[in-house]
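Chain and residue survey
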Amino acid sequence: MPKIRLEKLTKSYGTFKVLHGINLEIEENEFTVLVGPSGCGKSTTLRMIAGLETVTSGEIYFDNNPISHLEPKDRNLAMVFQDYALYPHMDVARNISFALRLQKLPKAEIENKVKQVAETVGLTNFLSRKPGALSGGQRQRVAMARALAKDSEVFLFDEPLSNLDAKLRGQMRAELAVMRQSVKKNMIYVTHDQIEAMTLADRIVVMNDGHIQQQGTPEMLFKKPANKFVAGFLGSPPMNFMDARIVEENDVLFAEGKEFKIAIPKKKAKSLKKYKGRVIIGIRPSDLIYDPKATSDRALDLRIVVSEYVGAQSVLMCACGDSDITVELKSETPIALGETLRFAVRSEGIHLFDSKTELAL
Amino acid sequence: MAPAIIIIILALLYPLGYMVYGSFRAWDPSQNISESEFVGLKNYITLFYDPAFRESLVVTLTFAVCVVFSELVIGVGLALMLDRNIRGMSVLRTLFILPMMIAPVVVGLMWRYMYHPTVGTFNKTLKSFGLDGIDWLGQNALLSVIIADVWQWTPFIFILSLAALQSLPRSAIEAAKIDGATSWQQIIHIKLPLMMPVLIVTALLRLIDAFKVLEVILVMTEGGPGLSTEILALRISRTATEFRELGVAAAMSNYLLIILLILTVSMYAITRIQENRAARLARQIQEEY
């Protein structure tokens, strides 16, 4: 039995439809990440689960019980907000214990809980400080501690790391990954950052334009994206796309475009036999390997336009026909701008999409 | 720089000095002030033991505390109720603000006629229900002028508290909802404490105003019956014009000025404390990182 179920969930503001009938099942103790560009409806979905937004139509179930008519306080959940949403007039201890005090728990119990949670997130020395006297990272911890103190069944995270600077974000992401090993809860996490999604999730739900594009394990979504949007959204640097045509020569299928003609591996070719239309070919930068000796039916010839030095690797922006192609290269490889290099394409790295529907072929 | 400062000081302090100077004299409006007799602190001491002045002080204090308290409760209450996006809310909000835009003299006249014992709106309404009329501007005069002032000035507190409410961090209130707070608990534990700085300053502003109130009461009751609504400003003006005791009136004004100064200084002190606290926190954070 799924812990949380969204059934044909829609949300409209006036005539503007934000969510178009979302169906989603979240299993017990799963860490689910809703990811997508801004405006895709992920935060709205989360806020509807929290009860902070009304449901236009459809239903939300916790343990098979419909809950969309309940107030947030009756849903037994905890939430971490993007701007932390701390109570500015209460010190850290009172922030953490607010929910417990509302429940009128015994004082000793509250104190114990606050102490224990503060220790988990490393705030023991700051309990008497007000949020105004804390750094961004510490405020983030208070928000986390407040959610943990509640002992809720469902944890909601609304872009909790996006207000932190890059270094702190990486550190908090790692801490979150550690925490979720020890805290077995139902967690739903919203982010626009695909790295957070990939590193934290048991299940990723990719959303765009109010629709779920695809859901599954990070590995599954990375290896078998259902459409061009998912393929382009997950992975960094993002996947390269080129327009191509499927042609057959001597029983071998090729994806042919301007300045390239790549053999399609046999496994993929079977399902493509009948498909002779225009396609989009997608190849991740990590599947393009610098190899001057590769044969032309397994390689792209790329003209270097820009080289970005990022340390051990350089990211090269190249041109191939009309397409811009990004590749990665060891920094010590001697290159010159304007030079054309040959990159071998790993055969399992070839993704094909219908040029009209953009669905994976 | 220097000439400007001298002009400002003269413009500000000359009238004030004139009043203080006059308060030490037995000064009659027919005399030139320099001809009047110097009496030292006599005016102040006489006032101190003057039952009419004391009565006036008590009336003013009662009036000020009652109106500010009622206006706070009603104004903040209304703001809490209307802090949502409902259709037509902007029209409703504008309506609420109207009383504040009417000249005090007009407000006084309006209420005086509504309170009229026989043809006034209130007693006519009461009578149509078969009830006895109320002697609004007689034995209930103080209550009646308080009601009129509350009617006129509650919108001021309403607007400021609504603005304060709407600038509260939305997500903190959402977090409280998630934490299990009922609407009432959100108000008590989150909204009111966060609005407090604005409310304190608003209340002090209103208190200062209430101590100086004149027109509405002058038009409605002229301080009567007896001394029951004779607030300080009215007493001062009567002392100067009817009793022709300018020196005593000046001394009275100085007593009022001292009260207002205390209120004003405490208001600045409170805002200052808040600012300092914010600055200290900012420094503390900077030092740590």
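This text gives an overview of the structure that appears in the document.

Once that is clear, we can look at unusual backbone geometry. Residue and element names in this part refer to chain A. Note the cis peptide between S236 and P237, where omega equals -5°. Positionally, P237 belongs in the loop between α8 (228-233) and β11 (240-249). Positive phi, close to 50°, is recorded for N76, a residue that is not glycine. You can see N76 is positioned in the loop between β5 (65-66) and β6 (77-80). Phi at D251 is positive, roughly 70°, even though this residue is not glycine. Topologically, D251 is positioned in the loop between β11 and β12 (252-257).

Another point: the sheet that holds strand β20 (residues 350-354) of chain A. Strand pairing within a sheet occurs via backbone hydrogen bonds; the two strands may be parallel or antiparallel. Residues and elements named next belong to chain A. Read across the sheet, five strands follow the order β13-β12-β11-β14-β20 without closing on themselves; strand pairing throughout is antiparallel. Sheet topology places β13 (260-263) and β20 at the edges, where each strand pairs with a single neighbour. This sheet shows a mean twist of 40° between the axes of neighbouring strands, independent of strand direction.

A few words on the pattern of salt bridges. Applying the stated rule across the entire model yields 28 salt bridges over all chains. For K185 of chain A, the salt bridge identified is with D151 of chain A, shortest N-O distance 3.7 Å. Of this pair, K185 of chain A sits in the loop between α5 (166-182) and β8 (186-191) while D151 of chain A sits in the loop between α4 (136-149) and β7 (154-158), and the two are 34 residues apart along the sequence. A relative accessible area of 47% means that D151 of chain A is categorised as partly exposed. Connected through shared salt-bridge partners, K11, R47 and E53 of chain A together with E174 of chain B make up one network.

Glancing now at the pairing of strand β2 (residues 16-26) of chain A. Residue and element names in this part refer to chain A. Pairing of strand β1 (residues 4-13) with β2 involves seven bridges; the strand directions are antiparallel. The residue of β2 that forms the bridge with Y13 is F16. Between β1 and β2, which follow one another and run antiparallel, lie two residues, and G14 among them has a positive phi close to 65°.

This paragraph deals with the pairing of β13 of chain A. Residue and element names in this part refer to chain A. Sheet topology places β12 next to β13; four bridges connect them, and they run antiparallel. Paired with E256 across the two strands is K261, which belongs to β13. The turn linking β12 back onto β13 is made up of two residues, and E259 within it adopts a positive phi angle of 70°.

Residues and elements named next belong to chain B. A cluster of nonpolar side chains, I5, I8, I9, L12, L13, L16, L257, L261 and V265, forms an exposed patch at the surface whose accessible area comes to about 780 Å². Looking at the nonpolar patch, the elements that each hand over two or more residues are α1 (2-23) and α12 (246-288). It is α1 that provides the largest number of residues to the nonpolar patch, a total of six residues. The topology assignment puts V265 in helix α12.

Let's shift gears to the side chain of R75 of chain A. All names here are of chain A. Summarising the element assignment, R75 is placed in the loop between β5 and β6. Of the side chains with opposite charge, E59 comes closest to the buried, unpaired R75, at an N-O distance of 7.1 Å. Looking at R75, its side chain comes within polar contact range of the main-chain oxygen of I49, at 2.9 Å. Those residues in contact with R75 that lie beyond four places of it in its chain are M48, I49, A50, G51, I60, F62, I67, S68, H69 and L70.

Here we come to the interface of chain A and chain B. Taken together, the contact between chain A and chain B spans 28 residues of the former and 21 residues of the latter. The junction of chain A with chain B conceals about 2,100 Å² of combined surface from both sides, 64% of it contributed by carbon and sulfur atoms. The largest contributions to the chain A side of the interface with chain B come from K73, H89 and L102 of chain A, which together make up 25% of the buried area. Taken together, the links from chain A to chain B amount to one salt bridge. A salt bridge links E174 of chain B to R47 of chain A; its shortest N-O distance comes to 2.6 Å.

Basis of the calculations
Residues numbered from 1 in each chain as written. Chains lettered and ligands numbered in written order. Predicted model: local features only at pLDDT ≥ 70, side-chain atom pairs only at ≥ 80, totals over all residues. Heavy atoms only, no water. Helix = DSSP H or I, 4+ residues; strand = E, 2+ residues; numbered from the N terminus. Pairing = 2+ DSSP bridges. Axes fitted to C-alpha atoms, helices over the stretch in contact; angles between N-to-C directions. Salt bridge = Lys/Arg side-chain N within 4 Å of Asp/Glu carboxyl O. Buried < 20%, exposed > 50% of the residue type's maximum accessible area, 1.4 Å probe, protein only. Patch = residues over 30% accessible without salt bridge, like charges linked within 9 Å, V, L, I, M, F, W, Y side chains within 5 Å. Areas by Shrake-Rupley, 256 points an atom, 1.4 Å probe, with all protein chains shown as cover. Lys, Arg positive; Asp, Glu negative; His and termini not counted. Polar contact = N/O pair within 3.5 Å; in protein donor to acceptor, adjacent residues only side chain to side chain. Contact = heavy atoms within 4.5 Å. Buried area = accessible area lost by both parts, 1.4 Å probe.

Treat this as a map of the structure, not an account of what it does.
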